[in-house]
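Structural description and commentary
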Amino acid sequence: QVHLVESGGGLVQAGGSLTLSCAASGFTFNHYAIQWHRQAPGKERELVAGISSNGNGNKLYADSVKGRFTISRDNTKNTAFLQMSSLKPEDTAVYYCQALMGRSAYWGQGTQVTVSA
């Protein structure tokens, strides 16, 4: 019933750009905040960016991506986005979309982003 499906990952050279999408279904999308997380090989999953449910509140970014990544959402399309530019090899990870409201949280399956030197 509940689905979060990430897409847009792939292989890109350092300095390049990718935009990830998170398509949601099976729940009231505009009631949920959206967060993007990533997990690199051998490392803990970390929060990358967050956006409030209506898209007009505060946006949060990890220091490592601030100025390079932009989180957004289109509630009319039940879709969230993560625009990534000036990519670095250290951005290589599986990126996950999370929908969050109180104690309710849903996760997507993730999409691989690989940045080559």
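Report follows, based on the coordinates. (Residues numbered from 1 in each chain as written. Predicted model: local features only at pLDDT ≥ 70, side-chain atom pairs only at ≥ 80, totals over all residues. Heavy atoms only, no water.)

**Here we look at the overall build of the chain**
The line we're drawing: A helix here means a DSSP run of H or I that spans at least four residues, while a strand means a run of E at least two residues long, and both kinds are numbered starting from the N terminus. Note on method: radius of gyration uses C-alpha positions; expected globular size equals 2.2 Å times residues raised to 0.38. Partly exposed describes any residue whose relative accessible area lies between the buried limit of under 20% and the exposed limit of over 50%, with all areas from a 1.4 Å probe on protein chains only and scaled to the type maximum. In what follows, a contact means two residues having at least one pair of non-hydrogen atoms within 4.5 Å. Accessible surface area values rest on a Shrake-Rupley calculation with a 1.4 Å probe, where residue burial reflects the displayed protein chains alone.
Scanning the chain from terminus to terminus reveals 0 helices and 11 strands. In summary, the chain has a C-alpha radius of gyration of 13 Å against a globular reference of 13 Å for 117 residues, a match within 12%. Principal axes of the C-alpha set define a box for the chain whose edges measure 40 × 25 × 25 Å. Residues counted as buried form 39% of the 117 residues belonging to the chain. For the chain, contacts bridging at least 24 residues in sequence account for 53% of all contacts bridging at least 6. Only carbon and sulfur atoms are counted for the fraction: they give 47% of the accessible area of the chain, which is about 6300 Å².

**Examining the pattern of salt bridges**
Put simply, the rule is: Salt bridge criterion: a side-chain nitrogen from Lys or Arg within 4 Å of a carboxyl oxygen from Asp or Glu.
In total, this model carries 4 salt bridges according to the counting rule given. A salt bridge links Arg-38 to Asp-91, with the nearest nitrogen and oxygen atoms 3.0 Å apart. Highlighted residues: Arg-38 in strand S4 (residues 33-39) and Asp-91 in the loop between strand S8 (79-84) and strand S9 (93-101), separated in sequence by 53 residues. Judged by its relative accessible area of 5%, Arg-38 is buried. Linked by salt bridges that have partners in common, Arg-38, Glu-46, Arg-68 and Asp-91 make up one network.

**Describing the side chain of Asp-91**
To keep things clear, this is the line we draw: A 3.5 Å cut-off defines polar contacts: any pair of N or O atoms within that distance qualifies, except that in protein one atom must be a possible hydrogen donor and the other a possible acceptor, and neighbouring residues in sequence count only when both atoms are side-chain atoms.
On the basis of relative accessible area, Asp-91 is assigned to the buried category, the value being 0%. Within the structure, the side chain of Asp-91 is placed 2.8 Å from the side chain of Arg-68, a separation counted as a polar contact. If near-sequence neighbours (up to four positions away) are discounted, Asp-91 is found in contact with Arg-38, Arg-68, Phe-69, Ser-86, Val-113 and Val-115.

**Looking at the pairing of S4**
Note the cut-off: Between any two strands, pairing holds if DSSP finds at least two bridges.
For S4, the buried fraction is high: 5 of the 7 residues fall into the buried class. Of the strand pairs in this sheet, S4 and S9 are connected by 7 bridges, and their pairing is antiparallel. Pairing of Ala-33 across the sheet is with Leu-100, part of S9. Two elements, S4 and strand S5 (residues 46-51), share 5 bridges in a ladder whose sense is antiparallel. From the neighbouring strand, Ile-34 faces S5, where its bridge partner is Ile-51. The hairpin turn running from S4 into S5, its antiparallel successor, is 6 residues long, and Gly-42 in that turn takes a positive phi close to 75°.

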